[in-house]
Amino acid sequence: MDTQAAPFQIVPARPADREALAALLVETVAGNGSVGFMHPLAPDRALAFWDEALAAAARGERVVLCAWADGQLLGSGSLVPVQAPSQPHRAELTKVMVAPAARGAGVGAALVKALEQAAGRLGRRLLTLDASLVEGPAAFYRGLGYHVAGDIPEYAYKPLGGLGATRVMWKLLDARSAPRRAPADPGADARYMGLALDLAARAEQEFDEIPVGAVLVSAAGQVIGEGWNRNIRDHDPSAHAEIVAMRQAGQALGNHRLVGTTLYVTLEPCSMCAMAIVHARVARVVYGARDPKTGACGSVFDVTGDPRHNHRVQVQGGVLGEEAGARLTRYFRAKRGKPSS
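Everything in this summary refers to the structure shown in the same document. Fair warning: this is a prediction, and the values are worked out from it, not measured in the lab. (Residues numbered from 1 in each chain as written. Predicted model: local features only at pLDDT ≥ 70, side-chain atom pairs only at ≥ 80, totals over all residues. Heavy atoms only, no water.)

Regarding the environment of methionine 38
Mapping methionine 38 onto the fold places it in the loop between helix H1 (18-30) and helix H2 (43-58). Overall, methionine 38 belongs to the partly exposed group, its relative accessible area being 39%. Between the C-alpha atoms of methionine 38 and isoleucine 10, which are 28 residues apart in sequence, the distance is 28 Å. If we ignore the near neighbours within four places in the chain, the residues touching methionine 38 are Val29, Tyr157, Lys158, Pro159 and Gly161. (Helix = DSSP H or I, 4+ residues; strand = E, 2+ residues; numbered from the N terminus. Buried < 20%, exposed > 50% of the residue type's maximum accessible area, 1.4 Å probe, protein only. Contact = heavy atoms within 4.5 Å.)

Now the structure itself:
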């Protein structure tokens, strides 16, 4: 099986790969990667793990894939079909590792895609995994369409010490989990987010409100709603930037449904705004800074991605995120009387 022609190949692991796989596992653990082992991991113990895993693969109890380029192992990932009679449709993703020198080249995403394809061939349509609750792994899987089931505090010790939380995630491989995607234009995203940032600045400078701005854009690219935080000014706990923009758009369209629209907001929406977005049938949400305390588009909650909704929202975060986050940080530092840097 070859799922990637260039610049690397993804193929099933062979017994001859055991030493390269063991070296990758040792390297991952030494880098504080949460893959079930503590540092220092002895090479013979890593070899023993892969001997068992490769034997399981030979028995059809596991899928182990490797990404190679020019004779170098770039990464590996495993799929474990659940053996319980009550779960013949489920498999677990585990031990997805990428060598430090290969990170950022799409190896991890390609490995996950190949494992998903292997799951489909095995008739497994529900995939689950647990990821370390840090910006990297959890955000990586969220970007590949995995939903958040919940977080478990103090789930396991990190390889270099200290208890860490774990995020449990899942993905359905059939059509129910695949949202209809609106076309994305990175240039347009940055431009509209720039407008939202201007509104955030207005909120702070003119009204001393938390600097969050939002712009709602029609499928034709027309701005049909603008908003910024107005909670204090309007004495309205629901007057978040997103709500204000959607209210304005609803009035402009004469419709409570905002079908085909894209909402640009400088801060990841909260649960209230996320549910309003779902009810309004907004097609896509693009946000700037993630909200690690109350974000409801994947950071803390995954309201927009909940499969129980009859409308699915496409979400993209991080557009001009550094600028949006810095503006919020400066605002709150000033409110607390702290220096801005």
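What to know about the packing of helix H7 (residues 241-253) against helix H8 (residues 271-280)
In contact at an axis separation of 9 Å, H7 and H8 are set at 25 degrees when each is read in the N-to-C sense. If you check the angle between H7 and H8, you find them roughly parallel. Crossing hand, H7 versus H8: left-handed. For the pair formed by H7 and H8, the contact residues are Glu242, Ile243 and Met246 on the first element and Met272, Cys273, Ala276, Ile277 and Ala280 on the second. Here the contact of H7 with H8 is built from residues that sort into seven nonpolar, no polar and one charged. (Axes fitted to C-alpha atoms, helices over the stretch in contact; angles between N-to-C directions. Parallel < 35°, antiparallel > 145°, perpendicular 65-115°, else oblique. Left-handed = near helix turned anticlockwise from the far one by under 90°. Nonpolar A, V, L, I, M, F, W, Y, C, P; charged D, E, K, R; others polar.)

Observations regarding the environment of arginine 18
Checked against the element boundaries, arginine 18 lands in helix H1. Classification of arginine 18 as partly exposed rests on a relative accessible area of 26%. Here the alpha-carbon distance between arginine 18 and glycine 60, two residues 42 residues apart in the chain, equals 18 Å. Among residues more than four places away in sequence, those in contact with arginine 18 are Leu47, Trp50, Asp51 and Leu54.

Some points on the sheet that holds strand S9 (residues 223-228)
Pairing within the open sheet is mixed, and its five strands lie in the order S9-S8-S10-S11-S12. This sheet does not close on itself; its edge strands, each paired only once, are S9 and strand S12 (314-316). The average angle at which neighbouring strand axes cross in this sheet is 15 degrees, direction not considered. Sheet topology note: the strand S8 (residues 213-217)/strand S10 (residues 262-267) ladder contains four bridges and is antiparallel. By the bridge assignment for S10, leucine 216 is matched with leucine 263. (Pairing = 2+ DSSP bridges.)

Some words on H1
Along its 13 residues, H1 runs 18 Å from first to last C-alpha, staying within 8% of the 18 Å computed at 1.5 Å per residue. Taken together, the buried positions of H1 are Leu21, Ala22, Leu24, Leu25, Thr28 and Val29. Down the axis of H1, the buried set is contained in an arc of 160 degrees. They therefore lie on one face. As for H1, its buried residues are in contact with H2, strand S2 (63-69), strand S3 (72-81) and strand S4 (90-98). (Expected span 1.5 Å × (residues − 1). Arc of directions from axis to C-beta.)

Digging into the sheet that holds S3
The mixed open sheet is built from seven strands, whose spatial order is S1-S2-S3-S4-S5-S7-S6. Looking at which strands have only one partner, the edges of the open sheet turn out to be strand S1 (9-12) and strand S6 (147-157). Across the sheet, the mean angle from the axis of one strand to that of its neighbour is 25 degrees, orientation sign disregarded. H1 rests against S2, S3 and S4 of the sheet, and its axis sits at about 90 degrees to S3. With respect to the sheet, H2 is in contact with S2, S3 and S4, its orientation differing from that of S2 by roughly 110 degrees.

Comments concerning the layout of surface pockets
Size it by volume and the largest pocket reaches roughly 1200 Å³. What lines the largest pocket is a set of 43 residues, and nearest its centre among them are Ser34, Val35, Val96, Pro137 and Tyr141. Elements with a contribution of two residues or more to the lining of the largest pocket: S4, helix H3 (107-121), strand S5 (126-132), helix H4 (135-143), S6 and strand S7 (163-172). A per-element tally of the lining of the largest pocket places S4 first, with eight residues. Residue classes in the lining of the largest pocket are distributed as 22 nonpolar, 15 polar and six charged. (1 Å grid on protein atoms, 1.4 Å probe; cavity = no way out; pocket = protein on both sides within 12 Å on 5 of 7 lines; lining within 4 Å. Points joined across faces, edges and corners; volume = space filled by probe spheres on them.)

Some thoughts on the packing of aromatic side chains
Under the definition given, this model contains seven aromatic pairs. Between the aromatic rings of phenylalanine 140 and tyrosine 141, the centroid separation amounts to 4.9 Å while the plane-to-plane angle is 70 degrees, which identifies the pairing as edge-to-face. According to the relative accessible area criterion, phenylalanine 140 is partly exposed, its value standing at 31%. On the basis of relative accessibility, which here comes to 9%, the residue tyrosine 141 falls in the buried class. Above the plane of the ring of tyrosine 192 lies arginine 191, whose end atom (NZ or CZ) is 5.2 Å from the centre. (Phe/Tyr/Trp six-rings, centres within 6.5 Å; stacked < 30°, edge-to-face > 60°. Lys NZ or Arg CZ within 6 Å of the ring centre and 35° of its normal.)

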